[in-house]
Amino acid sequence: MLGLGVDRLQADINRLLASLFHQGVLDEHFLQLQQLQDETSPNFVYDVINIYFDESEKLLRNLRLLLVDREFSDYKKIGLHLNQLVGSSSSIGARRVRNVCVAFRSASELSNRPGCMRGLEVVEHEYHYLKNMMHELFQLEQQRLLAAGVRYPV
Amino acid sequence: MTREELPNLAESKLTALVVDDNFVNQSIHQKLLARLGIQNDVVCNGKEAVDAHCSGRNYDLILMDMDMPIMNGIQATKRLREMGIESKIAGVTTRANEGEKKEFMEAGLNDFQEKPLTISKLLSILHKLDFYVQT
């Protein structure tokens, strides 16, 4: 009976991941992240994704502060922040976030302020969707670990 | 490539330095190197990489990001070469148009890979720089 709980949770995890890959939210680099997790770093994926969240939120905050400033003209700074976001999003396999950051960067290279504001809103939307999905994934994995632990009591 | 198929280069006692200001990339690059048995350190920008060498540290391989604050990868690579550092330096960056790649290579790189870095790309770097013979 307990085994069925673990199996059901694993099926839920697999279904969620398949959906995220199908939607293009994640790509093969997320698989590499999972493959790098091992006994020496059993929480590697969780740790790296949380670093990504921390870094990304700082960058998004900075981007918004820059763009809402009436005196704003430093598109180079926008570009630098976006390079960071593109880089880290690519590395964790966050394909859709990465792609919308590239589109935003194109607007900044043209010094297109309305385009940049739209770009920022799209990036924020995609980022928050990804974050919610990752939280759901981590919750399922935590439940699966707990269920597996119950199955093999000490 | 499965974990079992990966070479373990621990016996060769290779050392590497990760130079990148992005903490996500630092974590992933360090883990990729560790997975291949390569001991490694990390610094956050080109100046820290130069300072590390000035303090006497030396590495077989340097993975150098291009865009970093204080001192970028191009400046750091030039500086290290001026200092006589002969370590193999591989540029790893998201920026890969031909002009930027040329400028980075001309600074003194031995190899260049586009991010994101993967096990395959890292093995390609190691193979090209004669640290690893593919069988």
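Residues numbered from 1 in each chain as written. Chains lettered and ligands numbered in written order. Predicted model: local features only at pLDDT ≥ 70, side-chain atom pairs only at ≥ 80, totals over all residues. Heavy atoms only, no water.

To continue, consider the pattern of salt bridges. Considering all chains together, one arrives at 15 salt bridges over all chains under this definition. The salt bridge partner of Glu57 of chain A is Lys131 of chain A, with a shortest N-O separation of 2.6 Å. Taken together, the positions of Glu57 of chain A in helix α3 (residues 44-68) and Lys131 of chain A in helix α6 (residues 113-151) put the pair 74 residues apart, joining distant regions of the chain. Under the relative-accessibility criterion, Glu57 of chain A is labelled partly exposed at 25%. The residue Lys128 of chain B makes a salt bridge to Asp111 of chain B at a minimum N-O spacing of 3.4 Å. Of the two residues, Lys128 of chain B sits in helix α5 (residues 119-128) while Asp111 of chain B sits in strand β5 (residues 111-114), which places them 17 residues apart along the sequence. Residue class for Asp111 of chain B comes out buried when judged on its relative accessible area of 5%. Through salt bridges with shared partners, one network takes in Asp27, Glu28 and Arg95 of chain A. (Salt bridge = Lys/Arg side-chain N within 4 Å of Asp/Glu carboxyl O. Helix = DSSP H or I, 4+ residues; strand = E, 2+ residues; numbered from the N terminus. Buried < 20%, exposed > 50% of the residue type's maximum accessible area, 1.4 Å probe, protein only.)

Between two packed helices, what matters for the description is the angle formed by their axes and the separation of those axes. Residues and elements named next belong to chain A. Where helix α2 (residues 28-36) contacts α3, the two axes come as close as 8 Å, and the packing angle between them is 130 degrees. Judged on the interaxial angle alone, α3 and α2 are oblique. The segment α2 lies against α3, with Phe30, Leu33, Gln34 and Leu36 engaging Phe44, Val45, Val48 and Ile49. Here the contact of α2 with α3 is built from residues that sort into 7 nonpolar, 1 polar and no charged. (Axes fitted to C-alpha atoms, helices over the stretch in contact; angles between N-to-C directions. Parallel < 35°, antiparallel > 145°, perpendicular 65-115°, else oblique. Contact = heavy atoms within 4.5 Å. Nonpolar A, V, L, I, M, F, W, Y, C, P; charged D, E, K, R; others polar.)

A few words on the side chain of Asp21 of chain B. Tracing the sequence through the fold places Asp21 of chain B in the loop between β1 (15-19) and α1 (23-35). Buried within the structure, Asp21 of chain B lacks any salt-bridge partner; Lys115 of chain B is the closest side chain of opposite charge, at an N-O distance of 6.0 Å. Here the side chain of Asp21 of chain B touches Gln84 of chain A through a polar contact of 2.5 Å, side chain to side chain. Not counting residues up to four positions away in its chain, the partners in contact with Asp21 of chain B are Glu55 and Gln84 of chain A together with Gln26, Cys44, Asp65, Asp67, Met68 and Pro69 of chain B. (Lys, Arg positive; Asp, Glu negative; His and termini not counted. Polar contact = N/O pair within 3.5 Å; in protein donor to acceptor, adjacent residues only side chain to side chain.)

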